[in-house]
Every structure is written in structure tokens, then in C-alpha cells.
Amino acid sequence: MTGDPENPQLSKDGDIILGAIFSFHFSWKVGQDTYMHKPLPLECTSGLRYSVKVALALANGNEVVSAPTKAPCTRPGQVQAIIGDTSSSPCMAIATVIGPFISHSPSASCACLSDKTKYPSFLRTIPSDDYQSRALAQLVKHFGWTWVGAIRTNDDYGNKGMATFTETAQELGICLEYSVSFFRTDPPDKIKKIIDIIKASTSKLIVAFVSDMDMHVLIQTLSQHNLTGYQWVGSESWISDSQTAETDTHHILDGAIGLFIPRAHVSGMREFILDFWETLFNCKFKQSNPSAENQRECTGHEDLTGVKNSFTDISFMPVNYNIYKGVHAVAHALHIILGCNETCNNKNLQHIKKIHFKTKEGDVYFNENGDLPAKYEIINWQPTENGIVDFVTVGLYDASLPADKQLSLQLVSVIWAQNSKQVPVSVCNEKCPPGTHKVLQKGKPVCCYDCIRCAEGEISNMTDACLKKEAEFLSYEEIMGVLLTAAALFGTCMTAVVATIFFRYRTTPIVRANNSELSFLLLFSLTLCFLCSLTFIGRPSEWSCMLRHTAFGITFVLCISCVLGKTIVVLMAFRATLPGSNVMKWFGPAQQRLSVVAFTLIQVVICILWLTISPPFPFKNFTQFKDKIILECALGSAAGFWAVLGYIGLLAILCFILAFLARKLPDNFNEAKLITFSMLIFCAVWMTFIPAYVSSPGKFSVAVEIFAILASSFGLLICTFIPKCYIILLKPEKNTKKNIMDKGASKSF
């Protein structure tokens, strides 16, 4: 060493020596160097340069080298490890030039020190700021604070800690109205600008990632401007600092909440401190009063157990426990070295990285980054009647637990800013009420927005957002749609089976009777009736809306026209048996076909006019239900719809009347009876359809229409054809011309 020796303040020889660095000052004086003579020593020093100087002094020793030597510098360092109380920036400088360095300082928590490629020998007995920053963001989010201000120390501790907080806050939907930095040596004008920013802000929450020494400077300026009414969230460096609380004479920080290293009891610590102070006090008293006659004689046994001040109160000094863990970590590493004999590759304190031991408070070990597991107490500043701030633990944060269980709080015991029991609110905008949604304000963070009413087709049964209303229509995926589809397909298959039977036995009398051509045309129209019901299922589209009603109208008219033709044939046939009657020549097969075509063409014309003038179209019904949209087919022209339906009803009533009149005509097989039954069912179904259709909401009105189509189709199929199939398949002896033409008394019904 070529400069002046740097002698330790306290020292004791031993076989193995540990070094310790502690800071006592807030600032320093730097002289002007002229480079003409040796620089003057620093006054009231602390800081980066002096930290490195004393660290090198501990490592190298204090011998003054008067002349250069060629002897290799191979001897071990004066101390085997250094335990330091200093902030992150000095730690970064120290850790790059010496061996094992263990920091217990709350200010040495910068996440950058976890980089083992840069600081391989650095360890610490406090968690990394990476955990603290994320925990602070989760704490802010927990209370619903989304609009916050941020103040940080302008060094590695504050800048990197706040950077992680900002990143996590953005992920959690928290916005920073401002983020400013300062250092305790900054000129007053710069700190005054921070005060102006706070005054001009609208956020009521301030997150302060600040060291305790910087907080002392800031609180003095805040007190001068009486800047009260803000909720403070603090980092562990100042949130538990009793001197900061004593400096806060205007109670600006009352109600502050923040993270703190968990406190722990070190056995015998208080007794050791009291014994040390008693001895020191007695010795100093004797030296200052060597011949005092009227003063009591110092015995060296004065009792200080009743004295209570910041030097004797260790109930809130987790730093003591951090030092305790650091020293024990070194001791366990030494124990490993002493026990490994010649098997160790190197007998130095690098083994400290592998230690794992237990204390009353839990396990102590370093992870791959040289950090301890992250655990924090959440403390709350609560003023007492005598004006002293009480640091009350109101929760815990444990980073080793699952994400949803890391934070636990006891809100009942929290006192907030201005002694309030209510959680303060700090948002850029209140939440949007139901029925409205957020629209971001141009040029502002995402937390600032206007509340705009939901657009048509959207609903808001929650705050801040509008959701698309659920679209409802009768789909193939739902149970009702599946059942109706199955019924339609079953009817189609059943009609196909009947048609097959009739085609197989087309030459038999029962099939040939009463115009088999009309029977096959009726079966074909019934097949179309069953299939047209499928057009009512599924999401309405332009083509499906036009197809469903027109296909339904035309196929049913075709069906009823065939039934009407068969009914007229029955009446004409019995009229033709009267003497001198020649009516059948006026309603033969050609006339029957022509009547079916004519009746059907009238419906086709009605449908063409409907589609031309005002066709059905897909429509979104927003008014029927508040929480969903009904997708339906608007009729377009209601007159067109009721004209189609009315024409079907007119033909059905006409057919029913004619069949009813022919029901008692003598015959073993009077088809008029079957037609009467089928028309009775048909008319009953469609008479009940109208009130049911009008009163059914949403997709159920469509289901009612499909049900009416299927029910009437099944009625026609079963009543008209099943009795004939019964005779064809099960009573073939009755399927003869003689039996069919044999006349008998008609049974009444």
C-alpha cells in the first residue's frame, strides 16, 4: 500500500479473521485536487470510493511498502471473508476486487448482484430486489391501485428495483403517472421539482423505492410543503427505519405500508448489547471524571436494563439476524474445510456457497445466485397517542409458495393515510358502470379512459367492458334441434318405406283404387314436407329465409291438392254409380292432374309475389331479450306470409268438408273416412299453431312451426296410408277387387 494506512476501528487478532464494513455517515466532503501535492484525506466519508478503499485495506493489511519488491504476492489475504453493511453500488465495486463478500444490508438488494458471471464471490443474507419489486407490484394490485406515482433513489438499488416494479406493474394492469429519481446529494431545486410533480398529479398513491438515507432528505422537503394525504408504499430500506419515522414530524408517512425483512430473535443479543454499553459507559465516565469528589464512584456494574432507546431496543432489528446468518454461514463453511482434511481441492471459503443449516427461524442456504429464499413481512405505519410510530405486521409474502398463496394480509388491522380505516382509492378513472365500456383516452396510459355506452348487439353486465350478446337460433347441435331433425328424417324414411310398399304392390286392387298416380304424388309431396322442415333449423341466412317459407307453402299445397283430388275422385266415383250418371268423364286422370297443378300454381304465384315485393330476410332481434340476440327470419311482408298460410288452410278446410260428406258412402274400404281423419288432424294442428307461434319467444317459435309441419305430415301419412299398408302386408286376403267393390252398410262415426 502506497497511501496512508487505513486502520480498522475495531479489531481483534485470531487464527481466522473475518472483516466487516459498516457505514456511519450520510454524505462526504470532496476536496479540490490540484495534482501538485498529495490529496487531502476525505472528511465525513462514506460512499463508493471509500467503500472500495476500506475493503482493500481489510484484504491486504496495513503494512506500508517503502520500496518496490520482487517477491510474489502469494500469501493469503488478511481476512478470509468480509461481511458488509453497504448499499448496492458499493457492493458491486467491492465484489469485483475481493474474495467472499457477504452483505446483510437492506440496501444491497439490487437484482444485478445475482449475476454470478460478474460477482462470483458475492453473497447476501437478504432477498434480491427482483422479489421485492414483484411483491410490491402484487401488493399494489391487491388493493386495486392502478394509478400510481413512483419515486426512486438514483442509484443501482433504486433504478433497477423500480425498473422491475414498472415491468411487473404493467403486466398487472397498473399505470405510472410519473416516475422520478433523486439522490440525497442533489441540489434542493431538483428535489423541489419532485414536489411540484407530486402536487400536480392526480394519483393518491406513491411507491417509494428509496434508501433510508435518501428518504431522510425527501421527508424534510415534504414536511416543508406539508404534502399530506398521500398513501405511501415503501421498499424495505426505509419502511422500517425508526430514524425516518422520527424525522416525519408532520406525519406525512402515517399509514404507509411496505415490505420488511422478517424479524427474528437472536438469543443473548440484548444482554450482550446492554453489557457492552454498560462497560463503555462506565469506562467513559471514569475517564471524563478522574477526580470528581461530589460524583458517585463508577463501579463498572451500573445497570442499564431499564434504559429504552434506539441502541437498546433490538425488537425491530432484522439486520442483526442478517449478520447472525452471515457469520454462521462463514462458520459452517470453515467447519466443512476443517473436516475435509486433504480431500478438498481448495481450502478457501468458496464452500460457503454450499452450506445449508437450520436456525430457529428456518433453513439458511444460498441458491445458485447467492441469494436466500425471499420472505417479507408486510408492515404498516400506525401512529400512537404519544406521537411515536408503531410498525405493525399486517401480512406476509413468501415467494416460495404458489402464486395465488404468496400474499396474505390482515386488512382489519391496517390503518391507512390520514388515520382512515377505508382502503384509499387511486385510479385514473372510476370503473365504468354496467351498460358502458372503456374507450382509451388518446395519448394517455391504458388506465385512463372514457365510459361509452355499449353498442347495439352488446351487453354489459359487468364493469368496464361490453360483451357481444349471445346469438340464439335453433341449431343442429342443441337437443331440440337434434330431436326435430331426427323426427323429420324418420318421417322421410317412413314415407320412403310406404312408397316402396306401394310400388312393390302397385298392381294390387287396393293400390290401384282411387288413382294410384295421386297416391305416389302425395307420397312424394309428403317427403318434401318432411324435408322442408330442415330449412328452419340452423343459422338464418338470406337464402334459407326465403326458401323455408316458400318451400313449406308450395309443398303443403301440393300435398293438400293431392288429397283434395283423391277426395273428389271418391265423391265422383259414387256419383258415377247412379243410373244415367256420366260425371267421371269430367274428372278423369287428366282432370285430376290438372287440378293438382292448378291449385299448386296459385300458391306458386303467391310466393313469387311475396318474394318480389318484400321477401323474408335474416334479422337480429335485440329487443326481445336483454342478454341475447335472437337470429330469426323476418317475414318481410306479413301479408305474404298469411296469404300463403291462409291458402293452405282454405284448401285443407275444403278437403275436410268434402271428405266429411263422403264418409258414409257404402263401401268396404271407403278412403273418404281416412282422408277425413287426416284432415281433422291437419286442421287441429294448424289451428293451435297460430296462438302458439305468436306467443313463443325466440327460437321456440321456429320449433313450434317445425312441429306443426311434422305433426300434420305424420297425420296425413299415417291416416291415409298405414291402413292400406296393414291390408297389403298383414291382410292380403282382403286385397281383392271383389272385397273392395263389395258394398255394405257404412259404419257411422
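Residues numbered from 1 in each chain as written. Predicted model: local features only at pLDDT ≥ 70, side-chain atom pairs only at ≥ 80, totals over all residues. Heavy atoms only, no water.

1. Description of the state of the cysteines
According to the stated counting rule, one finds four disulfides in the structure shown. Between C432 and C451 runs a disulfide, and the two sulfur atoms are separated by 2.1 Å. A torsion of -90° about the S-S bond marks the disulfide between C432 and C451 as left-handed. You can see C432 sitting in the loop between β14 (407–409) and β15 (436–440) and its partner C451 sitting in strand β16 (residues 449–453), a full 19 residues away along the chain. Residue C432 is classed as buried on the basis of its relative accessible area of 0%. A sulfur-sulfur separation of 1.9 Å characterises the disulfide bridge that pairs C545 with C633. Taking the torsion about the S-S bond as the criterion, the C545 to C633 disulfide, at about -80°, is left-handed. Placement of the pair is C545 in helix α14 (residues 542–576) and C633 in strand β21 (residues 628–634), with a sequence separation of 88 residues. Judged on exposure class, the residue C545 and its partner C633 are both buried. (Disulfide = S-S within 2.5 Å. Helix = DSSP H or I, 4+ residues; strand = E, 2+ residues; numbered from the N terminus. Buried < 20%, exposed > 50% of the residue type's maximum accessible area, 1.4 Å probe, protein only.)

2. Description of the sheet that holds strand β6 (residues 175–182)
Where strands meet in a sheet, backbone hydrogen bonds hold them as pairs that are either parallel or antiparallel. Spatially, β6-β5-β7-β8-β9-β12-β13-β14 is the arrangement adopted by the eight strands of the open sheet, whose pairing is mixed. Two strands in the sheet have a free side with no partner beyond their single neighbour: β6 and β14. Going across the sheet, the axis of each strand differs from the next one's by a mean of 25°, ignoring polarity. Pairing geometry for strand β5 (residues 147–153) and β6, over seven bridges, is parallel. (Pairing = 2+ DSSP bridges. Axes fitted to C-alpha atoms, helices over the stretch in contact; angles between N-to-C directions.)

3. Examining unusual backbone geometry
Phi is positive for Q418, close to 60°, though the residue is something other than glycine. Tracing the backbone through its elements, the reader meets Q418 in the loop between β14 and β15. The exposed category is assigned to Q418, whose relative accessible area is 63%. A positive phi is found at N419, a non-glycine position, where the angle reads about 60°. By the secondary structure assignment, N419 is in the loop between β14 and β15. Residue class for N419 comes out exposed when judged on its relative accessible area of 52%.

4. Some words on the nonpolar core
Judged by nonpolar contacts, the single largest core of 65 residues is most densely connected at F552, M679, F682 and W686. Where this core is concerned, the elements lending two or more residues are α11 (479–504), α12 (509–512), α13 (516–532), α14, α15 (589–613), α16 (638–661), α17 (671–695) and α18 (699–730). Among the elements that line this core, the one with the most residues is α18, at 14 residues. (Core = buried A, V, L, I, M, F, W, Y, C linked by side-chain atoms within 4.5 Å.)

5. Points about α11
With 26 residues, α11 extends 37 Å between its outermost C-alpha atoms, agreeing within 8% with the 38 Å of an ideal straight helix rising 1.5 Å per residue. Buried residues of α11: G481, L484, T485, A488, G491, T492, M494, T495, V498, I501 and F502, and no others. Where the residues of α11 are buried, they touch α12, α13 and α18. (Expected span 1.5 Å × (residues − 1). Contact = heavy atoms within 4.5 Å.)

6. With respect to the UniProt feature "transmembrane region" (unreviewed entry) in the protein chain
Mapped onto this structure's residue numbering, the UniProt feature "transmembrane region" (unreviewed entry) falls at residues 479–505, 517–538, 550–574, 594–613, 641–662, 674–694 and 706–729. Within residues 594–613, the helical portion is 100% and the strand portion 0%, while the C-alpha atoms at the span's ends are 28 Å from each other. (UniProt positions renumbered as here; feature names shortened; annotations may be inferred.)

7. A word on the pairing of strand β13 (residues 389–398)
Here β13 lies mainly inside the structure; seven of its ten residues are buried. The loop that links strand β12 (residues 375–383) with its antiparallel partner β13 comprises five residues; one of these, G387, has a positive phi angle of about 85°. Bridge count between β13 and β14: three bridges; the pairing is antiparallel. Bridge pairing in β14 places L396 opposite S408.

8. Focus: the environment of I83
Tracing the sequence through the fold places I83 in strand β2 (residues 81–85). What makes I83 buried here is its relative accessible area of 6%. Residue contacts for I83: discarding those within four places in its chain leaves G19, A20, I21, F101, I102, H104, G326 and V327.

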